[in-house]
Amino acid sequence: IIDFYAEWCGPCKSIAPVLEELAAEYEGEIYIYKIDTEAEQELASAFGIRSIPSLLFVPMDEAPQMAQGAMPKSAFKEAIESVLLKKK
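Residues numbered from 1 in each chain as written. Predicted model: local features only at pLDDT ≥ 70, side-chain atom pairs only at ≥ 80, totals over all residues. Heavy atoms only, no water.

Visitor: In this structure, what is going on with the environment of Glu81? I would like to understand it.
Guide: Of note, Glu81 is situated in helix H3 (residues 73-84). Overall, Glu81 belongs to the buried group, its relative accessible area being 14%. Sequence separation between Glu81 and Val18 is 63 residues; the distance between their C-alpha atoms is 15 Å. A distance of 2.6 Å separates the side chain of Glu81 from the side chain of Tyr26, its partner in a polar contact. (Helix = DSSP H or I, 4+ residues; strand = E, 2+ residues; numbered from the N terminus. Buried < 20%, exposed > 50% of the residue type's maximum accessible area, 1.4 Å probe, protein only. Polar contact = N/O pair within 3.5 Å; in protein donor to acceptor, adjacent residues only side chain to side chain.)

Here it is as structure tokens:
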């Protein structure tokens, strides 16, 4: 999962602890990367990031899927299980 965020973004701050919990829960199964859109403007532009938080779910052998906005932990878990781990 690639988390496109900014320090000043309230919803970004609200999902940060959730992403940390998920990184611990799924340790060894998934990786979560954080990209500061303020510091990495060219990279954010290359990915077409227009609003934050934007989260890019990148399965190994399939097309990436973008989700925007703060999601509850249950929605993250569902996406991880179905998109990344193919458990559902």
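Visitor: What am I meant to see in the state of the cysteines here?
Guide: The bond known as a disulfide is covalent and runs between the sulfur atoms of two cysteines. Under the counting rule described, the total for this entry stands at 1 disulfide. There is a disulfide in this structure between Cys9 and Cys12, and the S-S distance comes to 2.4 Å. The S-S bond linking Cys9 to Cys12 shows a torsion near 80°; that makes this disulfide right-handed. Note on accessibility: Cys9 and Cys12 belong to one class, buried. (Disulfide = S-S within 2.5 Å.)

Visitor: Would you mind going over H3 with me for this structure?
Guide: One turn of the α-helix equals 3.6 residues, which is why residues spaced by three or four share an orientation. The end-to-end C-alpha distance of H3 is 15 Å, a good match for the 16 Å that 12 residues give at a rise of 1.5 Å each. Against the buried residues of H3 lie helix H1 (10-25), strand E3 (54-57) and strand E4 (65-68). Downstream of H3 by one or two residues, Lys86 has phi in the positive range, about 55°. (Expected span 1.5 Å × (residues − 1). Contact = heavy atoms within 4.5 Å.)

Visitor: Would you mind going over the pattern of salt bridges with me for this structure?
Guide: Where side chains of opposite charge bring their charged atoms close, a pairing between them can arise. All told, the structure shown has 6 salt bridges when counted by the stated rule. Where Asp3 meets Lys34, a salt bridge forms, and the shortest distance between an N and an O atom there is 2.8 Å. Of this pair, Asp3 sits in strand E1 (residues 2-5) while Lys34 sits in strand E2 (residues 33-36), placing them 31 residues apart in sequence. According to the relative accessible area criterion, Asp3 is buried, its value standing at 0%. When its relative accessible area of 44% is taken as the criterion, Lys34 is described as partly exposed. Salt-bridge contacts for Lys73 lead to Glu25; the nearest nitrogen and oxygen are separated by 2.6 Å. Of this pair, Lys73 sits in helix H3 while Glu25 sits in helix H1, placing them 48 residues apart in sequence. (Salt bridge = Lys/Arg side-chain N within 4 Å of Asp/Glu carboxyl O.)

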